[in-house]
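# Summary of structural features
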Amino acid sequence: MNIKFAFKQRMKSYVQNEYLPKVYEGYILKKDVKKGKVIMADMHSDSLPFSMESTYNALVKKGYSPRVMCRDIAKLTLPGKLSFLRRFMKEYASAEYVFICSYFLPVSSCVKRSETKVIQLWHSGGLLKKMGYDTNDDIPEGYVGDVTANYDLVTVSSEVCVPIWEQALKLPKGITEPLGLARTDVYFDKEWNDKQKNLFYKLYPEARGKKVALYAPSFSGNAADPHCKGIESGITEVMKKFSDEWFFIVRLHPLLREKYPQFWSKTDEKMPTEKLLPVVNLLITDYSSVLFDYSIYKKPFVMYCPDLDEFKKSRGFYADPEEFPAPIAKTAEELEKVIDEKTYFEYGEEEYEDFCKHYMGECDGNSAKRIVDRIVNLSH
C-alpha cells in the first residue's frame with residue numbers, strides 16, 4: 001500500500017473514531033434538534049456541488065432554508081480541517097436533516113441522534129466499477145470505522161442498483177431507494193440545456209462548425225496515487241488527427257488534474273463535465289459514471305480502456321462494459337479506427353433507451369421533488 005495513502009487512512013480513522021465523537025457528544029448536551037434545520041455538506045468542494053443543486057432548490061420550494069457547509073478540505077491546513085469539522089459537528093448536533101453526496105466521514109463518526117436524518121444523494125448513477133467495501137482502492141482492508149454509518153436514506157438511479165449498494169456500502173436493508181438521482185433533473189430541462197449550449201460556444205467559439213467529442217476518463221489506482229492509462233496511451237495523437245472534423249474537449253476526474261495539468265485551464269472551470277453533456281456528439285470514456293448521466297441523452301459513446309483486462313483483475317466490475325451499447329478500444333490505433341469508421345453508429349436508439357432504462361430508470365426530471373417529499377416520512 002502507498003505510504004501516503006496508508007497514513008491518510010490512519011488519520012481518518014483516528015479523527016472518526018476518537019476526535020469527532022467527543023466533539024459531537026459535547027454539543028448534543030447543549031442543544032436540542034431544531035425542527036426544519038437542514039444542512040447540505042461536502043468535503044470536496046468550496047461551494048454547493050452540482051449533485052446537490054436540484055435538491056437544494058427543491059428544499060427551498062418546500063419552505064426550508066438549507067445551510068451549506070462545503071469546503072474542499074484537501075486545500076486546508078490541519079488546523080483548518082479540524083476547525084471545519086468542529087463547526088460541522090456543532091451544527092450536526094441540532095440538525096433535523098443532513099444531505100451529503102459522497103463519503104462524508106463526520107456524519108458517520110458518532111452515535112447519531114435518532115431525530116437527525118442523514119440522506120446520501122451520491123454523485124453518480126448506474127453500476128460499473130466496484131466501490132466501497134468491495135474494493136481496497138476505495139475502502140482499504142483493515143480500515144477501522146464505518147464510513148457509511150448513520151445513513152437513513154440512500155438514493156440510487158435504478159432498482160438494479162439497490163442490492164449492489166447494500167452490499168458495497170454495508171447498508172441496512174430498506175434504506176436504499178430507487179428515487180432517481182437529483183443531479184440528473186436538469187438534463188430534462190430544455191431551458192437549462194439551451195443555456196449550456198450557448199455558454200459552450202461563447203467559451204469555445206472555435207468549436208463552431210465541428211462535431212464535439214468529450215474525453216472524460218475516470219482514474220485507476222487509489223486516491224493517493226491516481227493515474228489514467230488513456231492519457232498515457234496515445235489519445236492526444238488521436239485527437240490531433242481528427243481535429244479538422246472534431247472539436248475535442250478533455251475533462252479529467254478531479255484527482256487527475258494535478259498529475260496532468262496540461263488538460264486543465266481557467267476557461268474549463270466555467271464549464272464542468274455535467275454542463276458539457278447537452279452539446280456533446282460523442283463521449284469517450286473508460287470507467288467513469290459520466291456515461292450513465294450521458295445515457296439520458298441517448299447519444300453514442302466509445303469506451304477507451306487500455307487497461308481493461310488489468311482493471312478487471314485488480315478492481316473488477318459490477319457490470320460488463322463489453323455488453324454496453326458502445327465499441328471498446330484498447331489501443332490508440334483501435335480508437336482511431338472507431339472514430340474513422342464511425343462504428344459507434346452501429347448501435348441504435350432502442351439500445352440506448354434500454355441501457356438508460358436499466359441503469360438510470362428512475363431518473364425522469366423529478367427526482368429531487370421525490371426525495372424531498374420522501375424525507376418527511378423519515379421523521380415518523
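Treat the numbers as computed from the prediction; the structure is a model and nothing was measured.

### Topic: the overall build of the protein chain
A tally of regular secondary structure across the protein chain gives 13 helices and eleven strands. Principal-axis analysis of the C-alpha atoms places the extent of the protein chain at approximately 65 × 45 × 40 Å. Out of the 380 residues in the protein chain, the part that is buried amounts to 55%. A total of about 17600 Å² of accessible surface is found on the protein chain, and carbon and sulfur atoms cover 50% of it. In the protein chain, 55 positive and 55 negative side-chain charges are present, and the distance between their average locations comes to 8 Å.

### What about unusual backbone geometry?
At Trp-122, a position not held by glycine, the phi torsion is positive, near 55 degrees. Relative to the helices and strands, Trp-122 is located in the loop between strand S4 (117-120) and strand S5 (151-155). A relative accessible area of 6% places Trp-122 in the buried class. Here the phi dihedral of Lys-298 falls at roughly 55 degrees; this positive angle occurs in a residue that is not glycine. Note on placement: Lys-298 falls in the loop between helix H9 (290-295) and strand S10 (301-304).

### Concerning the pattern of salt bridges
This model, assessed by the stated rule, comprises 22 salt bridges. Across the pair Lys-37 and Glu-91 runs a salt bridge, and its minimum N-O distance is 2.6 Å. Taken together, the residues Lys-37 in the loop between helix H1 (3-28) and strand S1 (38-42) and Glu-91 in helix H3 (residues 78-92) connect sequence positions 54 residues apart. Exposure remark for Lys-37: the relative accessible area of 15% places this residue in the buried category. Of the residues examined, Glu-91 reaches a relative accessible area of 11% and is grouped as buried. Overlapping salt bridges bring together Asp-46, Arg-71, Asp-72 and Lys-75 as one network.

### Structural notes on the sheet that holds strand S2 (residues 67-70)
Pairing is parallel across the open sheet formed by six strands, whose spatial order is S2-S1-S3-S4-S5-S6. One side of each edge strand has no neighbouring strand; the edge strands of this open sheet are S2 and strand S6 (176-177). As paired strands, strand S3 (residues 97-100) and S4 are joined by four bridges and run parallel to one another. Following the sheet pairing, Ile-100 is matched in S4 by Gln-120. Against the sheet, H3 engages S1, S2, S3 and S4, with an angle of about 150 degrees to S2.

### Structural notes on helix H11 (residues 332-341)
All buried positions along H11 are accounted for by Ala-332, Leu-335, Val-338 and Ile-339. Buried residues along H11 cover an arc of 120 degrees about the axis, so they all sit on one side. Facing away from the buried side of H11 by over 90 degrees, the exposed positions are Glu-333 and Asp-340. Here the buried face of H11 lies against helix H6 (235-241), strand S8 (246-250), strand S9 (282-285), S10 and strand S11 (328-329). Just past H11, the residue Lys-342 takes up positive phi, approximately 55 degrees.

### Quick word on the side chain of Asn-193
Within the fold, Asn-193 resides in helix H5 (residues 190-203). Residue classification places Asn-193 among the buried positions, given a relative accessible area of 9%. Within polar-contact distance, the side chain of Asn-193 engages the backbone oxygen of Asp-189 at 2.8 Å. Once you skip the residues sitting within four places of it in the chain, Asn-193 turns out to touch Val-186, Tyr-187, Phe-188, Pro-278 and Tyr-297.

### Some thoughts on the nonpolar core
Judged by nonpolar contacts, the single largest core of 85 residues is most densely connected at Phe-88, Phe-200 and Phe-324. Dropping the residues within four chain positions of it, Phe-200 is found in contact with Ala-207, Val-212, Phe-247, Ile-249, Met-271, Leu-276 and Val-279. Counting 24 residues, the second largest nonpolar core, distinct from the first, contains Ala-213, Trp-246, Tyr-260 and Tyr-344.

### As for the side chain of Thr-285
Tracing the backbone shows Thr-285 in strand S9. There is a polar contact of 2.6 Å between the side chain of Thr-285 and the backbone oxygen of Ala-216. When near neighbours in sequence (up to four residues on either side) are disregarded, Thr-285 contacts Ala-216, Pro-217, Val-290, Leu-291, Val-302, Met-303 and Tyr-304.

About the criteria used
- Residues numbered from 1 in each chain as written.
- Predicted model: local features only at pLDDT ≥ 70, side-chain atom pairs only at ≥ 80, totals over all residues.
- Heavy atoms only, no water.
- Helix = DSSP H or I, 4+ residues; strand = E, 2+ residues; numbered from the N terminus.
- Buried < 20%, exposed > 50% of the residue type's maximum accessible area, 1.4 Å probe, protein only.
- Areas by Shrake-Rupley, 256 points an atom, 1.4 Å probe, with all protein chains shown as cover.
- Lys, Arg positive; Asp, Glu negative; His and termini not counted.
- Charge placed at Lys NZ, Arg CZ, Asp CG, Glu CD.
- Salt bridge = Lys/Arg side-chain N within 4 Å of Asp/Glu carboxyl O.
- Pairing = 2+ DSSP bridges.
- Contact = heavy atoms within 4.5 Å.
- Axes fitted to C-alpha atoms, helices over the stretch in contact; angles between N-to-C directions.
- Arc of directions from axis to C-beta.
- Polar contact = N/O pair within 3.5 Å; in protein donor to acceptor, adjacent residues only side chain to side chain.
- Core = buried A, V, L, I, M, F, W, Y, C linked by side-chain atoms within 4.5 Å.

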